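The primary structure of each chain is shown beneath.
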Amino acid sequence: MNEIQTLAVVGAGTMGLGIAQLGVQHGLPTILFDLSTTALEKAQAAIAAGLGKLVEKNKLTADAREAALARLTLTTELADVRADCIIEAVVERLDVKHKLFQELAAINQPSTILASNTSSLPITQLAAPVPVPERVVGLHFFNPAPLMALVEVISGVATAPAVADAVEALARRLGKTPVRAADAPGFIVNRVARHYYVESLKAVEENVAPFEVVDELLEASGFKMGPFRLMDLIGVDTNFSVTSAMFASFHQDGKFRPSRIQQQKVDAGHHGRKTGRGFYTY
Ligand SMILES: NC(=O)c1ccc[n+]([C@@H]2O[C@H](COP(=O)([O-])OP(=O)(O)OC[C@H]3O[C@@H](n4cnc5c(N)ncnc54)[C@H](O)[C@@H]3O)[C@@H](O)[C@H]2O)c1
């Protein structure tokens, strides 16, 4: 399989904008698509600021920043989304991702790789209804994407080995450390880390301690971010969707039961930093 020369990212939210920044920063012409023009405007500003920080830290020249920004194309037209590799970072819903991959398959070459940044949805299920399911693969970045080194590469039952190899090579080109993970619910990191959130929410629900205290104690014990501060960074809605998907995948195993407190935050629109309010106010 040929090296990936062009990239498209679908979904310009928390993760999509960071992945698009990585693409342009590392020399790939990158199309960034979202349904919302507001999301695209915010993403463009965030990418410009992210690259600006690298210039301040002498990790990028001002000219390289300009060249990177020139490689970015923003669009709300799905018909524009054609590339060697398309990474989707839209809401964590199987129906939405299925529809999107089917639409993208219809306007791209059969060789176009369709990669998903899903945190929890099985790649095998995601690929099943997509024409040429061999080209569907998991490529799971961590938040914030420009900074976190790890990327999980997940093959579903249908994924062609050459496709997994190609996205692993892409991850390296983007400066990341790819790790192969089996197609099991939550892959590696989210399966282990889920309890950091679920157990902390349970402690708060049972009045063991207020959420701020849980954060303070876990940060004092060595974690970089307490679970509630981290959920606000991730997106309370996204974190809730991932827990719900894992609860379903593990056949309602109580270990993964979503929390009522978190459900209420989602219902109230308190989705964390991106909406200005989550567990904390920003
Ligand atoms: N937030 C995290 O920390 C994190 C980390 C790793 C992986 N993920 C995964 O990345 C994906 C995106 O999560 P996020 O937190 O960036 O979400 P987000 O809510 O911040 O952004 C999603 C974006 O997708 C857009 N969108 C929704 N449906 C769309 C569609 N059909 N076509 C095009 N755009 C659409 C929305 O307008 C929004 O801008 C999810 O699968 C999530 O599980 C999230």
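Residues numbered from 1 in each chain as written. Predicted model: local features only at pLDDT ≥ 70, side-chain atom pairs only at ≥ 80, totals over all residues. Heavy atoms only, no water.

Quick look at a nonpolar patch on the surface
A surface patch of nonpolar side chains, about 300 Å² in accessible area, is lined by Leu150, Val179, Ile188 and Val192. Judged by relative accessible area, which is 62%, valine 192 ranks as exposed. (Patch = residues over 30% accessible without salt bridge, like charges linked within 9 Å, V, L, I, M, F, W, Y side chains within 5 Å. Areas by Shrake-Rupley, 256 points an atom, 1.4 Å probe, with all protein chains shown as cover. Salt bridge = Lys/Arg side-chain N within 4 Å of Asp/Glu carboxyl O. Buried < 20%, exposed > 50% of the residue type's maximum accessible area, 1.4 Å probe, protein only.)

Examining the confidence of the model for the chain
This prediction gives the chain a mean pLDDT of 97; 100% of its residues lie at or above 70. This prediction of the complex comes with two scores: 0.96 for pTM and 0.98 for ipTM. (pLDDT = per-residue confidence, 0-100.)

Here's the deal with the site of the ligand
The environment of the ligand is made up of 25 residues, and the closest members are Asp34, Glu92, Lys97, Ser119 and Ile234. Aspartate 34 places a side-chain nitrogen or oxygen 2.7 Å from an oxygen atom of the ligand. Asparagine 143 places a polar side-chain atom, nitrogen or oxygen, 3.1 Å from an oxygen atom of the ligand. Relative to its unbound accessible area of 830 Å², the ligand is 87% covered by the protein chains. Looking at the shell around the ligand, the elements with two or more residues in it are helix H1 (14–25), helix H4 (94–107), strand E6 (136–141) and helix H10 (236–249). Split into classes, the residues belonging to the shell around the ligand amount to 12 nonpolar, 9 polar and 4 charged. (Near = heavy atom within 4 Å. Polar contact = N/O pair within 3.5 Å; in protein donor to acceptor, adjacent residues only side chain to side chain. Helix = DSSP H or I, 4+ residues; strand = E, 2+ residues; numbered from the N terminus. Nonpolar A, V, L, I, M, F, W, Y, C, P; charged D, E, K, R; others polar.)

With respect to the sheet that holds strand E4 (residues 85–88)
Taken in spatial order, the 8 strands of this open sheet run E3-E2-E1-E4-E5-E6-E7-E8, and their pairing is mixed. Where the open sheet ends on each side, the last strands, each with one partner, are strand E3 (72–75) and strand E8 (177–181). Strand-to-strand twist in this sheet, taken as the mean axis angle between neighbours without regard to direction, amounts to 25°. Two strands pair when backbone bridges link them, and E4 and strand E5 (residues 113–116) are joined in this way by 4 bridges, in the parallel orientation. Counted as the bridge partner of isoleucine 86 is leucine 114 from E5. (Pairing = 2+ DSSP bridges. Axes fitted to C-alpha atoms, helices over the stretch in contact; angles between N-to-C directions.)

Section: the packing of aromatic side chains
In this description, a pair of aromatic rings is defined by centroid distance and the angle of the planes. Scanning the model with the defined rule gives 7 aromatic pairs in all. The interplanar angle of 50° and the centroid separation of 5.6 Å between the aromatic rings of phenylalanine 211 and phenylalanine 228 together place this pair among those described as tilted. Linking phenylalanine 211 in helix H8 (residues 211–220) with phenylalanine 228 in helix H9 (residues 227–234), this pair joins segments that are 17 residues apart in sequence. The same class applies to phenylalanine 211 as to phenylalanine 228, namely buried. On the numbers, 4.6 Å between centres and 10° between planes, the contact of phenylalanine 250 with phenylalanine 256 is stacked. No difference in accessibility class separates phenylalanine 250 from phenylalanine 256, as the two residues are buried. By the ring-pair criterion, three or more aromatic residues cluster together here, those being Phe211, Phe228, Phe279 and Tyr280. (Phe/Tyr/Trp six-rings, centres within 6.5 Å; stacked < 30°, edge-to-face > 60°.)

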